[in-house]
Amino acid sequence: MNKVAASLVGGGGGPTDAAAAAAAQNQKSFLQRVDNDIGNLVDNFGFLVNAIGYVRINDPPVRNSQEAFMMEMPASLNDHIDRKTEVFRRLADDTNSSLARIGEEASASLRELESHYYSSTLATSHLPGDTS
């Protein structure tokens, strides 16, 4: 039997087995190259980011603007806190005056109720010392 007939019948390794092994080897080497290339790209990108960051941060205009921002930020924050504190202080004053007004109204209502009670016939009939 010749080699072609043997490979068709299932005997011995034929050209398809060799081609499959070669394809697997090619795929493995290709994946290794892709993996290495991606690693190199990541390394290069990291280097560029670090280099650009170093140049930008140490650049005098950038440093000056960062310092200005750092100095402006607390001042702006303090202004905001002062405005909010004043708003809350006004609200507290309004609340205190409202509570005082409510207390005065409640006190007046209680005095009026007490006056009505003592002037009513019910109160006069239940006075201490009354024997009726």
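What counts, and where the lines are drawn
Residues numbered from 1 in each chain as written. Predicted model: local features only at pLDDT ≥ 70, side-chain atom pairs only at ≥ 80, totals over all residues. Heavy atoms only, no water. Helix = DSSP H or I, 4+ residues; strand = E, 2+ residues; numbered from the N terminus. Buried < 20%, exposed > 50% of the residue type's maximum accessible area, 1.4 Å probe, protein only. Areas by Shrake-Rupley, 256 points an atom, 1.4 Å probe, with all protein chains shown as cover. pLDDT = per-residue confidence, 0-100. Salt bridge = Lys/Arg side-chain N within 4 Å of Asp/Glu carboxyl O. Phe/Tyr/Trp six-rings, centres within 6.5 Å; stacked < 30°, edge-to-face > 60°. Patch = residues over 30% accessible without salt bridge, like charges linked within 9 Å, V, L, I, M, F, W, Y side chains within 5 Å.

Engineer: Can you walk me through the overall build of the protein chain in this structure?
Structural biologist: Regarding its fold elements, the protein chain presents four helices and zero strands. The helix and strand sequence of the protein chain, counted from the amino end, reads α-α-α-α. Counting the 132 residues in the protein chain, one finds 2% classified as buried. A total accessible area of about 11600 Å² is found for the protein chain, and carbon and sulfur atoms account for 62% of it.

Engineer: How should the confidence of the model for the protein chain be read in this particular structure?
Structural biologist: Where the model shows low pLDDT, its predicted coordinates should not be examined in detail. In the predicted model, the protein chain carries a mean pLDDT of 77, and the fraction of residues at 70 or more is 69%. Looking across the protein chain, the model is least confident in helix α1 (residues 3–9), with a mean pLDDT of 47, and most confident in helix α3 (residues 60–119), with 86.

Engineer: Looking at this structure, I do not really get the pattern of salt bridges. What am I missing?
Structural biologist: One side chain can pair with another of opposite charge once the charged atoms of both are near each other. If you walk through the whole model with that rule in mind, you get two salt bridges. Here E86 ties to R89 by a salt bridge, and the two come within 3.5 Å at their closest N and O atoms. One end of the pair, E86, and the other, R89, are both in helix α3, three residues apart, so they sit about a helical turn from each other. Judged by its relative accessible area of 34%, E86 falls in the partly exposed class. Measuring nitrogen to oxygen at the nearest pair gives 3.4 Å for the salt bridge that ties R101 to E105. One end of the pair, R101, and the other, E105, are both in helix α3, four residues apart, so they sit about a helical turn from each other. E105 gets classed as partly exposed once you look at its relative accessible area, which sits at 44%.

Engineer: How should the packing of aromatic side chains be read in this particular structure?
Structural biologist: One pair of aromatic rings is described through two measures. These are the centre distance and the angle between the planes. In the structure shown here, the tally under the stated rule is one aromatic pair. Considering the side-chain rings of Y117 and Y118, the 5.3 Å spacing of their centres and the 70° angle between planes classify their relative orientation as edge-to-face. For Y118, a relative accessible area of 51% translates into the label exposed.

Engineer: Before we go on, may I ask you to explain a nonpolar patch on the surface in this structure?
Structural biologist: There is a patch of nonpolar side chains on the surface, built from F30, L31, V34, I38 and V42 and spanning about 440 Å² of accessible area. Positionally, L31 belongs in helix α2 (residues 15–58).

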